[in-house]
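# Structural overview for review
Take a look at the letters that make up each chain.
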Amino acid sequence: MSKGTVVLAYSGGLDTSCILVWLKEEGYDVIAYLANIGQDEDFEAAQKKAESLGAKKVFIEDLRVEFVEEFIWPSLQASAIYEDRYLLGTSVARPCIARRQVQIAQQEGAQYVSHGATGKGNDQVRFELTCYALYPEVKIIAPWRIPEFYNRFKGRKDLMDYAEKHGIPVPVTPKAPWSMDANLMHISYESGILENPKSHAPSDLYLMTKNPEDSPTSPDVIELEFRKGVPVKVSHLSDGKSKDTPLEIFSYLNEIGGKHGVGRIDIVENRFIGMKSRGIYETPGGTILHHAHLDIEAFTMDREVRRIKQGLGIRFSELLYNGFWYSPECDFVRHCIDKSQESVEGKVQLSVFKGQVYILGRESPKSLYNEELVSMDVQGDYDPCDASGFIKINAVRLREHHRLQGNAASKK
């Protein structure tokens, strides 16, 4: 007798293929769900494989457009970057994937959802907090936190043996000696031979970007047009090519950035669950957009508003990384950031070349830049004596600070 229906976030890889069969072995009816968020995947083959393994139903969902519009764009508006370097490509995909998983579970009357995230990583948190937020009654089966599962499958060899015993088709050897997660925004690499933080990344690791040394010897010069803090058009200033839908814009920037080796980072980061991990990421299109958005934002946004928004951006990045996209605090922060973007409008011209993004110029109907006021040659409406007030206020503060330091030093 069935224990109930479970919607499994399924990739077609070794782990989730074995989990699918294991869930059936445990007495569940399994619905396999695979999200297309821009990864290079044979979705038809994955569907046939899930069906052959006994999935009751298989859902292959194309989420690329909503991924860009509803998740990547708000992250761009926030200038979301975790611990000063990571553009959060994996983090931002998880609430998008889990939201649809929950919708399928509710539609199909499933009491359970499941995933293949490791018990040591961040993704288990991101998947499960999204599921609980959107479907409070749901029950979650996390195999890698169930002792009967992780004691039985202590490593890849145990999974391979299980696959062979149950007729689960898997590659004879891993594709690469590291773990990889890909989507439209980025590819991440971790684990395996990368667990030694001193080890250099192999030259053949990167799949989205060329080695900057091997990239073209002339730049691509493009113009990005923004409205309310999101791109509405990208134009190539040499060949005249342009894109004006969110998915096309992002895909085209991935192509340009990948061609020039833009967006590679190798970092050690702090996981939410309390350990440090080494991650290598490549985010070509996202890196171009990050630089362009920062530029047009600084050009059009009031100084004090931007100061507050910068703090909100850091908070948003932490909430996103830690899995709190569907929390009341994140909803509030997103609302504030969205408000800050009302005047972030205009065009940025930039050059993409040899792993770098170079800002060349910008223009905006909502610019706060006053050429006459700032000119070294034209007096304009500014009285240079106005600066003396700022100097006097800060001079008093600095004099007092150093006077007290001097007194403290003399007492020693």
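What comes next is a walk through the structure.

What counts as what
Residues numbered from 1 in each chain as written. Predicted model: local features only at pLDDT ≥ 70, side-chain atom pairs only at ≥ 80, totals over all residues. Heavy atoms only, no water. Phe/Tyr/Trp six-rings, centres within 6.5 Å; stacked < 30°, edge-to-face > 60°. Helix = DSSP H or I, 4+ residues; strand = E, 2+ residues; numbered from the N terminus. Buried < 20%, exposed > 50% of the residue type's maximum accessible area, 1.4 Å probe, protein only. 1 Å grid on protein atoms, 1.4 Å probe; cavity = no way out; pocket = protein on both sides within 12 Å on 5 of 7 lines; lining within 4 Å. Points joined across faces, edges and corners; volume = space filled by probe spheres on them. Nonpolar A, V, L, I, M, F, W, Y, C, P; charged D, E, K, R; others polar. Patch = residues over 30% accessible without salt bridge, like charges linked within 9 Å, V, L, I, M, F, W, Y side chains within 5 Å. Areas by Shrake-Rupley, 256 points an atom, 1.4 Å probe, with all protein chains shown as cover. Salt bridge = Lys/Arg side-chain N within 4 Å of Asp/Glu carboxyl O.

### Structural notes on the packing of aromatic side chains
- For the structure shown, the criterion picks out 14 aromatic pairs.
- Between Tyr28 and Tyr112 the ring centres are 5.3 Å apart and the planes differ by 75 degrees, which places this aromatic pair in the edge-to-face class. Linking Tyr28 in strand β2 (residues 28-36) with Tyr112 in strand β4 (residues 112-114), this pair joins segments that are 84 residues apart in sequence.
- Residue classification places Tyr28 among the buried residues on the basis of a relative accessible area of 15%.

### A closer look at empty space enclosed by the protein
- Within the structure shown, the criterion is met by two cavities of 30 Å³ or more.
- A volume near 90 Å³ is recorded for the largest cavity.
- Taken together, Ile72, Ser75, Leu76, Ser79, Ala80, Leu87, Met185, Phe250, Gly286, Leu289 and His290 make up the lining of the largest cavity.
- At the level of elements, α3 (64-77) and α9 (284-300) are the ones that each hand at least two residues to the lining of the largest cavity.
- The residue makeup of the lining of the largest cavity, split by class, is seven nonpolar, four polar and no charged.
- Its volume calculated, the second largest cavity comes out at about 30 Å³.
- If you trace the second largest cavity, you find it lined by Gln101, Val113, Ser114, His115, Phe127, Glu128, Cys131 and Ile140.
- Ranked by residues supplied to the lining of the second largest cavity, first place goes to helix α5 (residues 123-134) with three residues.
- For the lining of the second largest cavity, a count of residues per class yields four nonpolar, three polar and one charged.

### Focus: a nonpolar patch on the surface
- There is a patch of nonpolar side chains on the surface, built from Phe272, Ile273 and Met275 and spanning about 230 Å² of accessible area.
- Within the secondary structure, Phe272 sits in the loop between β11 (264-270) and β12 (276-282).

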